[in-house]
Each structure stands twice: as C-alpha cells, then as structure tokens.
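Analysis of the macromolecular model
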Amino acid sequence: PLHTQGSLLYMDTLRATFPQALAPGGTALLSWGAGAPRAPAGWPLPTLYCTPAEAVSVASRAAALRVQLLFALRERALRVLEAGLPTELHDALAILRTSWPGLAQDLELGQLSPQPGLPEDTRGRLQALLAPDAARAAELRAECGRGFEGIVQRLWPQLQLVVVGTAHGAERLYCDALCQADCKGLPFYCPFYQAAGALLGVNLWPEEPVPRFLLCPDWAFYEFLPCPAEEEPQTVLLGELWEGREYGLVLTARPGEYRCRAGEVLRVAGFHKQCPVVEPVRRESQVLSVRGESIPEERFYRSLCRAVGMWPGARLVDYVCVESALLGASSGACAPHYEVFVELRGLRDLSEGQRYKLDQCLQEDFPIYKSFRFKGSIGPLRLHLVGAGAFPRLREALGTPLPMPRVLREERLLQLIQGTVIS
C-alpha cells in the first residue's frame, strides 16, 4: 500500500510539472534486478514503459543494460529515462560509447546480437519484439559520430527529465558526471526517499537540483537524534524538529518491527503543511578509517574533487578507495594508508606531484588525518589510474553496484581492480 501511495504521489507530481512525461511507452527503464522484472520502486503502470519486463531480469547486469539500451534507442519520442541508480544509467551510456556500431546494426536489422550472459531463449523472445529500423540506425550513427557531449538529448530530442532511484551519497558522483556530459541540459529527479528498506518520503519538487523529501508521517514511526551527538542523547519526534539542524534517523518502519538506527543523517530543509522536508546528508556507516580518523565518504569525495580540479583537463569518471590495513600482504610493509583507484577522462597520466595533491587536500580538510600523517602512523596515500570500463566490469563481477562506502574489504576485489591499473 505504501508503494501505491508513493507511486500516485510521484505520478501526480510528474503530471503537474512535466505533463507529457506520462505518455504511454514514453519511459525507458535502465535498471538491473535479476529475478525482479519490474520497476525498482514497484510503480504500477507498466504501460508507461517501452522496456520489456524480461529485459530487467536478465541474469547478467551488462547484458541487461545493453538490451534495455537497445529498446530505448528504438523510441525516438522518449520523454523519460529512468534508472534505479545513477550508476546504472552511467554504465548503460558507457556501453553506448563503446558499442554504438553494434547497436546501430541491431537497430537496422531488427535483431538482437548474441552476447555473454543473455540466454538464447530469452534473446529469441526479446528479438520477436524488434523490427528493422534503418532510419533510426542512421540517426544513431550520425549522432554518435559527432561525439558524446549532450548525446542523450540529441538521441531523444523530446526527453524531459531523468528519473533516478537515489541522487545523494556516493551516487552524487554519477549524477554530476552525467549532468556535465552525456545528459547535459536535463533535470534529474529523485522521487522517493528510502532507508533501511522502507519507503519514507516523496520529492514534490522535481525541478530543484538538490533533492528534498517530504516525510510522510503515517509511513513509519520516526525518531531523531540531534547531531552532533549530545552526551546523553535523547530522541525527538517529528513535531520537535528545528529547521536547518541535522538529525540521525531512528526508525520503526512497520508495527512489530525492531526499532533501529537507520544510519542516515538528515538536514531539515523546511516544512510543508507542518510536515518536515528533509535532505539526506550522509550515511553514518560510510567512513574511511585505518587509524580511527573516521573520514566520511562524502567529504572524502569532496577532497578528491578538489584535487581533480588541480589536474588540468581532468574529469573524474569513477573511483574506489581501499583501506590498506584490510589487505594483508597486498598492502606492503609501509604504515596503513589509502589505496585510491580513479578513472579519469581528459588526462592520461599524473606526475608524482599531481598525485600528492589528493593527500595534501585530505591533510588540509581533516586535521586528524594530517596529525596521523605527521606522526607517521598513516602512510602516504597511493593513487592509481585505471583504464576505461574497469568499474562497470567490477560491478558486473560483484553482481551489484560498489559496496558502500567504497572500501573493498576482500583481496579478491582488489585484484579485480588491479587488473586494470594503467599507472
């Protein structure tokens, strides 16, 4: 019932702001969920989608995204691109960059090429839904031949917005990267706020760049711990929140469920008809720490972006940070430190001085990290560049998006990344 209420609020908000966005068959879904052939939020109108349900449940993530992309490319009059996570849209458009000649051929011939992870019986059923379209194939070749800046709006000129399942935390990287390049000029709309597996709020302001959510009082029982933590913390209720303050969320999602800390920190952005409107700030569990320095992931990301800004021509595509203390023999003999793997666009190599900029930014942004570095109890950060496509392959191997925070806690995962290190 909550998903139905949320879906109706979402569609009413979408209809009021983007009236043409609810056109039948006008939404393309780019999302992977093996065994779950429906939209990630359970939205109840399958007629909205041009994406066959079977294309969502293909066992291989890469194959599923390629099939979904092909069906999206068939529809020139798309109004909405929807992705469960910005990561999935990012990876689908990476497939477009590398595989557009094959996609154009599939469009032209009305066929679905064999590919790893796509069973033949599934391929046959999906291919039966295709028809040759030489004109659309020619358009795809022409637009991709011009480059990929703003490619989304050039391929789908009637597209009105991009809908994503989450747009905060680690996923902000992908939203920023897409807004700067492939999806330039399009608004990103994150309609729902979910935590601890429960639907908690809805975004009634789709045109605003920073998502904020109206907490729905009857969807869960909410309590809040003021941040920063007090010596003897006491929870407050919905009616006791103050605008502008940050709170940790304590949640009892359904009758009979355990009361728990959701690990989410929210900022009260205001009120709507006496109900609080919140912005997710961070997840309390997402911290990097080899000596107890506890650097929140979103602040590490900001330091990384600041360092990238000092590398002329560089654009951050993706990254992962590994705590060397967890890697055993792989971390070498030096003091515990961070191993950071980044994919960049526009820059092929970094000098030692440029690589040190990230360590320098961390020292400037986190005095406790600087103190540990000065004492020698944390060693110098090591920065590695990886080749294009490394992170989608890693997500395919994991079967999920990267674990949060971006700390790979198994040596097997480190080896997956190290196989693509270029410097």
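Refer to the structure above for everything that follows.
Just so it is clear, the model here is predicted, and its values are computed rather than measured.

1. Re the overall build of the chain
Within the chain, the regular secondary structure consists of 12 helices and 16 strands. Within the chain, contacts between residues separated by at least 24 positions form 66% of all contacts whose residues are at least 6 apart in sequence. As displayed, the chain offers around 18500 Å² of accessible surface, 54% of which is attributable to carbon and sulfur atoms.

2. With respect to the packing of helix 2 (residues 61-74) against helix 3 (residues 86-109)
At a minimum axis distance of 8 Å, the contact between helix 2 and helix 3 shows a crossing angle of 65°. The element helix 2 and its partner helix 3 pack so that their crossing is right-handed. Packed against helix 2, whose contacting residues are Arg61, Ala62, Leu65, Arg66, Leu69, Leu70, Leu73 and Arg74, the element helix 3 presents Thr87, Glu88, Asp91, Ala92, Ile95, Leu96, Gly102, Leu103, Asp106 and Leu107 at the interface. Along the lines of polarity and charge, the residues of the contact of helix 2 with helix 3 split into 10 nonpolar, 2 polar and 6 charged.

3. A look at the packing of aromatic side chains
Tallied over the full model, the rule gives 9 aromatic pairs. Aromatic side chains Tyr10 and Tyr189 sit 6.1 Å apart centroid to centroid with 20° between the ring planes, which places their arrangement in the stacked category. Highlighted residues: Tyr10 in helix 1 (residues 2-17) and Tyr189 in strand 4 (residues 188-189), separated in sequence by 179 residues. Note on accessibility: Tyr10 and Tyr189 belong to one class, buried. When the centroid spacing of 6.0 Å and the interplanar angle of 35° are considered together, the rings of Phe300 and Tyr319 count as tilted. Here Tyr319 lies in strand 14 (residues 315-323) and Phe300 lies in helix 8 (residues 297-308), a separation of 19 residues in the sequence. Here Phe300 and Tyr319 have matching classes, each one buried.

4. As for the environment of Ser294
Mapping Ser294 onto the fold places it in the loop between strand 12 (287-288) and strand 13 (295-296). What makes Ser294 partly exposed here is its relative accessible area of 41%. Put simply, Ser294 and Phe366 are 72 residues apart on the chain and 9.7 Å apart in space, counted from C-alpha to C-alpha.

5. Overview of the sheet that holds strand 4
Sheet architecture is open: 4 strands sit in the order 1-2-3-4, paired in parallel fashion. Across the chains shown, the open sheet's two edge strands, defined by having one partner strand only, are strand 1 (27-30) and strand 4. With 4 bridges connecting them, strand 1 and strand 2 (residues 80-83) associate as parallel partners. From the neighbouring strand, Leu30 faces strand 2, where its bridge partner is Ala83.

6. What about the nonpolar core?
With 85 residues, the main nonpolar core has Leu81, Leu89, Leu96, Leu200, Tyr222 and Phe224 as its most contacted residues. With 9 residues, helix 2 is the largest single contributor of residues to this core. Counting contributing residues per domain, this core is built from domain 1 (1-190) and domain 2 (210-284), each supplying no fewer than three. Ignoring any residue separated from it by four or fewer positions in sequence, one finds Leu89 in contact with Leu30, Leu81, Ala83, Val162, Leu178, Cys183 and Phe188.

7. What to know about the environment of Tyr258
Within the secondary structure, Tyr258 is located in the loop between strand 9 (246-252) and strand 10 (260-272). The contact partners of Tyr258, leaving out residues within four places of it in the chain, are Leu251 and Thr252.

8. With respect to the packing of helix 9 (residues 352-365) against helix 10 (residues 367-375)
Remark: helix 9 packs on helix 10, axes separated minimally by 5 Å, with the N-to-C direction vectors making an angle of 120°. Taken together, helix 9 and helix 10 sit at an angle that is classed as oblique. Contacts between helix 9 and helix 10 pair Tyr356, Asp359, Leu362, Gln363 and Asp365 from the former with Pro367, Tyr369, Lys370 and Arg373 from the latter. A per-class count over the contact of helix 9 with helix 10 returns 4 nonpolar, 1 polar and 4 charged.

9. Focus: the sheet that holds strand 15 (residues 338-345)
The 3 strands are arranged 14-15-16 in an open sheet whose pairing can be described as mixed. Lying at the two open borders of the sheet, with one neighbouring strand each, are strand 14 and strand 16 (382-385). Direction aside, neighbouring strands of the sheet carry axes that sit 25° apart on average. Bridge count between strand 14 and strand 15: 8 bridges; the pairing is antiparallel. Across the sheet, Tyr319 pairs through a bridge with Val342, a residue of strand 15. Along the sheet, helix 8 makes contact with strand 14 and strand 15, crossing strand 14 at roughly 130°.

Thresholds applied
Residues numbered from 1 in each chain as written. Predicted model: local features only at pLDDT ≥ 70, side-chain atom pairs only at ≥ 80, totals over all residues. Heavy atoms only, no water. Helix = DSSP H or I, 4+ residues; strand = E, 2+ residues; numbered from the N terminus. Contact = heavy atoms within 4.5 Å. Areas by Shrake-Rupley, 256 points an atom, 1.4 Å probe, with all protein chains shown as cover. Axes fitted to C-alpha atoms, helices over the stretch in contact; angles between N-to-C directions. Left-handed = near helix turned anticlockwise from the far one by under 90°. Nonpolar A, V, L, I, M, F, W, Y, C, P; charged D, E, K, R; others polar. Phe/Tyr/Trp six-rings, centres within 6.5 Å; stacked < 30°, edge-to-face > 60°. Buried < 20%, exposed > 50% of the residue type's maximum accessible area, 1.4 Å probe, protein only. Pairing = 2+ DSSP bridges. Core = buried A, V, L, I, M, F, W, Y, C linked by side-chain atoms within 4.5 Å. Domains from an automatic or database assignment. Parallel < 35°, antiparallel > 145°, perpendicular 65-115°, else oblique.

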